Amino acid sequence: KAGVTQTPRYLIKTRGQQVTLSCSPISGHRSVSWYQQTPGQGLQFLFEYFSETQRNKGNFPGRFSGRQFSNSRSEMNVSTLELGDSALYLCASSPNGGDSGSGFNEQFFGPGTRLTVL
Amino acid sequence: AQTVTQSQPEMSVQEAETVTLSCTYDTSESDYYLFWYKQPPSRQMILVIRQEAYKQQNATENRFSVNFQKAAKSFSLKISDSQLGDAAMYFCAYRSGGFGNEKLTFGTGTRLTIIP
């Protein structure tokens, strides 16, 4: 099976612009989570989507939004970019979001999108 | 809210030796999972090992093992016979149990260097 893919891998934007990042989960996975990784704040949870619905949300401003499509692919959008939004954005997918009998589903991470805001 | 603390920003170990990375966490929940993830330079994050809170037995995966002390809320990772390919950032992570809890709370990471 192909792994989690993220596009684009690198992106340079200027302050005030908006950006859309894409994540294609492993085939058959229904849950997609997004994380922001910065040297100062580390890895922080943005949100998680399951069956096209946002199920969990982290503590980020409303400029950060996302969605999930019927094929489980997910996009995240950041509007009115700020310098502090420069980061590696990771997505992770898991098979069925924790509703299996075992209660555990491993999350598989993509390579990330490196966003630089100038 | 749950927190995860990794007090060792950097560690180094001689090749073939053993190293232990520390992690403590804080939670009031009884049902949760703990993980160690490895992030090699410019490569994808991968799961190294996981531990279910309800299991008393420490998890092991080949050269990787954990020391899970539930009462002390401690979850350390031991890497035996260290190899050059083990060089990476290691993140300790927490996840609540139950349905629909996919959020991972990460520690700040430990950068592990392997000395040939």
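Further up the page is the structure itself.
Reading the values: rules and limits
Residues numbered from 1 in each chain as written. Chains lettered and ligands numbered in written order. Predicted model: local features only at pLDDT ≥ 70, side-chain atom pairs only at ≥ 80, totals over all residues. Heavy atoms only, no water. Contact = heavy atoms within 4.5 Å. Salt bridge = Lys/Arg side-chain N within 4 Å of Asp/Glu carboxyl O. Polar contact = N/O pair within 3.5 Å; in protein donor to acceptor, adjacent residues only side chain to side chain. Helix = DSSP H or I, 4+ residues; strand = E, 2+ residues; numbered from the N terminus. Buried < 20%, exposed > 50% of the residue type's maximum accessible area, 1.4 Å probe, protein only. Pairing = 2+ DSSP bridges.

1. With respect to the interface of chain A and chain B
When the parts come together, some accessible area is lost, and that loss is often what is quoted as the size of the interface.
Here is step 1 of the chain: Across the contact, 25 residues belong to chain A and 17 residues belong to chain B.
Here is step 2 of the chain: Taken together, the links from chain A to chain B amount to zero salt bridges.
Here is step 3 of the chain: Linking chain A to chain B there are five residue pairs in polar contact (both at pLDDT 80 or more).
Here is step 4 of the chain: Those elements that provide at least two residues to the side of chain A that touches chain B are strand 4 (31-38), strand 5 (42-50), strand 6 (53-57) and strand 9 (87-94) of chain A.
Here is step 5 of the chain: Sort the elements by how many residues they give to the side of chain A that touches chain B and strand 4 of chain A lands first, with four residues.

2. Quick word on the pairing of strand 10 (residues 88-96) of chain B
Residue and element names in this part refer to chain B.
Here is step 1 of the chain: Of all nine residues in strand 10, nine are buried; the element is thus mostly enclosed.
Here is step 2 of the chain: As defined by bridge partners, strand 5 (residues 32-39) adjoins strand 10 across eight bridges and the pair is classed as antiparallel. The partner of Phe35 across the bridge, within strand 10, is Ala93.
Here is step 3 of the chain: Here three bridges tie strand 10 to strand 12 (residues 110-115), and the two strands are oriented antiparallel to one another. Paired with Tyr90 across the two strands is Thr110, which belongs to strand 12.
Here is step 4 of the chain: Judged from the two bridges that link them, strand 10 and strand 11 (residues 105-106) form a sheet pairing that is antiparallel.

3. Some words on the environment of Thr38(A)
Residues and elements named next belong to chain A.
Here is step 1 of the chain: Mapped onto the secondary structure, Thr38 falls in strand 4.
Here is step 2 of the chain: By relative accessible area, Thr38 is classed as buried at 11%.
Here is step 3 of the chain: C-alpha of Thr38 to C-alpha of Cys23: the two residues are 15 residues apart in sequence and 19 Å apart in space.
Here is step 4 of the chain: Dropping the residues within four chain positions of it, Thr38 is found in contact with Ser86 and Ala87.

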